[in-house]
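# Secondary and tertiary structure notes
This is what each chain is made of:
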Amino acid sequence: MDAELSKAECRRLAVAAQDGLARAVRPAHSMFDGDTVFAVATQAKPLVAADSPLGPLARAVALDRLCAAAADVFARAMVHGVLAATSLAGLRAYRDVWPR
């Protein structure tokens, strides 16, 4: 992420991205899946323009949009990973069980 995000905002972004896991995997968040999501920001670009017409709300609105996108992207990445996976050590992959 190129945005200028605080540590708390990065944490919020990671929490939102993990919601994408719940969209793509059932059951999600079990005791055995080891799901962890990290968010890192380079601080290269401001999250919002300094002269935003929304004023102080602009940051919250921009972060909310990022969080929604993070959940969508994470869900899509999970599905793409499952579709691309291959069988290993006798465990059949999705593409082997349902090849189409």
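Above this text sits the structure in question.
So, here's what we can say about the structure.

Rules of the game
Residues numbered from 1 in each chain as written. Predicted model: local features only at pLDDT ≥ 70, side-chain atom pairs only at ≥ 80, totals over all residues. Heavy atoms only, no water. Core = buried A, V, L, I, M, F, W, Y, C linked by side-chain atoms within 4.5 Å. Buried < 20%, exposed > 50% of the residue type's maximum accessible area, 1.4 Å probe, protein only. Helix = DSSP H or I, 4+ residues; strand = E, 2+ residues; numbered from the N terminus. Polar contact = N/O pair within 3.5 Å; in protein donor to acceptor, adjacent residues only side chain to side chain. Patch = residues over 30% accessible without salt bridge, like charges linked within 9 Å, V, L, I, M, F, W, Y side chains within 5 Å. Areas by Shrake-Rupley, 256 points an atom, 1.4 Å probe, with all protein chains shown as cover. Salt bridge = Lys/Arg side-chain N within 4 Å of Asp/Glu carboxyl O. Phe/Tyr/Trp six-rings, centres within 6.5 Å; stacked < 30°, edge-to-face > 60°. Expected span 1.5 Å × (residues − 1). Contact = heavy atoms within 4.5 Å. Disulfide = S-S within 2.5 Å.

Within the largest apolar cluster, 14 residues are counted, with the highest numbers of intra-cluster contacts made by Leu5, Leu13, Leu47, Leu63 and Cys67. At the level of elements, α1 (7-24) and α2 (57-84) are the ones that each hand at least two residues to this core. If you tally residues by element for this core, the top one is α1, at five residues.

Take the environment of leucine 91 next. Take leucine 91: it is sitting in the loop between α2 and α3 (94-97). Here the alpha-carbon distance between leucine 91 and valine 37, two residues 54 residues apart in the chain, equals 25 Å.

What follows concerns the environment of threonine 42. With respect to the helices and strands, the residue threonine 42 is situated in the loop between α1 and α2. Along the sequence, threonine 42 and alanine 14 sit 28 residues apart, while their C-alpha atoms lie 15 Å from each other. Among the polar contacts made by the side chain of threonine 42, one reaches the main-chain carbonyl oxygen of aspartate 2 at a distance of 3.5 Å.

All right, on to a nonpolar patch on the surface then. Side chains of Val79, Val82, Leu83, Tyr94, Val97 and Trp98 sit close together on the surface and give an oily, nonpolar patch of about 540 Å² of accessible area. At the level of secondary structure, the elements contributing two or more residues to the nonpolar patch comprise α2 and α3. If you tally residues by element for the nonpolar patch, the top one is α2, at three residues. On the accessibility criterion, valine 79 (41% relative accessible area) is partly exposed.

Tallying each qualifying case throughout the model produces one aromatic pair. Ring geometry for tyrosine 94 against tryptophan 98: centres 5.3 Å apart, planes inclined by 45°, an arrangement best described as tilted. Tyrosine 94 sits in the partly exposed class, given a relative accessible area of 39%. Relative accessible area serves as the criterion here: at 55%, tryptophan 98 is assigned to the exposed category.

Let's shift gears to the pattern of salt bridges. Note that side chains of opposite charge can pair when their charged atoms are close. Applying the stated rule across the entire model yields three salt bridges. For aspartate 2, the salt bridge goes to lysine 45, with nearest N and O atoms at 3.9 Å. Here aspartate 2 is found in the segment before α1, whereas its partner lysine 45 is found in the loop between α1 and α2, with 43 residues between them in sequence.

The next thing to look at is α1. Its 18 residues place the ends of α1 27 Å apart at the C-alpha level, agreeing with the 26 Å of an ideal helix rising 1.5 Å per residue. In the core, the buried residues of α1 are packed alongside α2.

What follows is about the state of the cysteines. Going through the model one piece at a time under the given rule, you end up with zero disulfides. The thiol of cysteine 10 is not disulfide-bonded; the next cysteine sulfur, from cysteine 67, is found 10 Å away. Among the residues examined, cysteine 67 registers a relative accessible area of 6% and is labelled buried.

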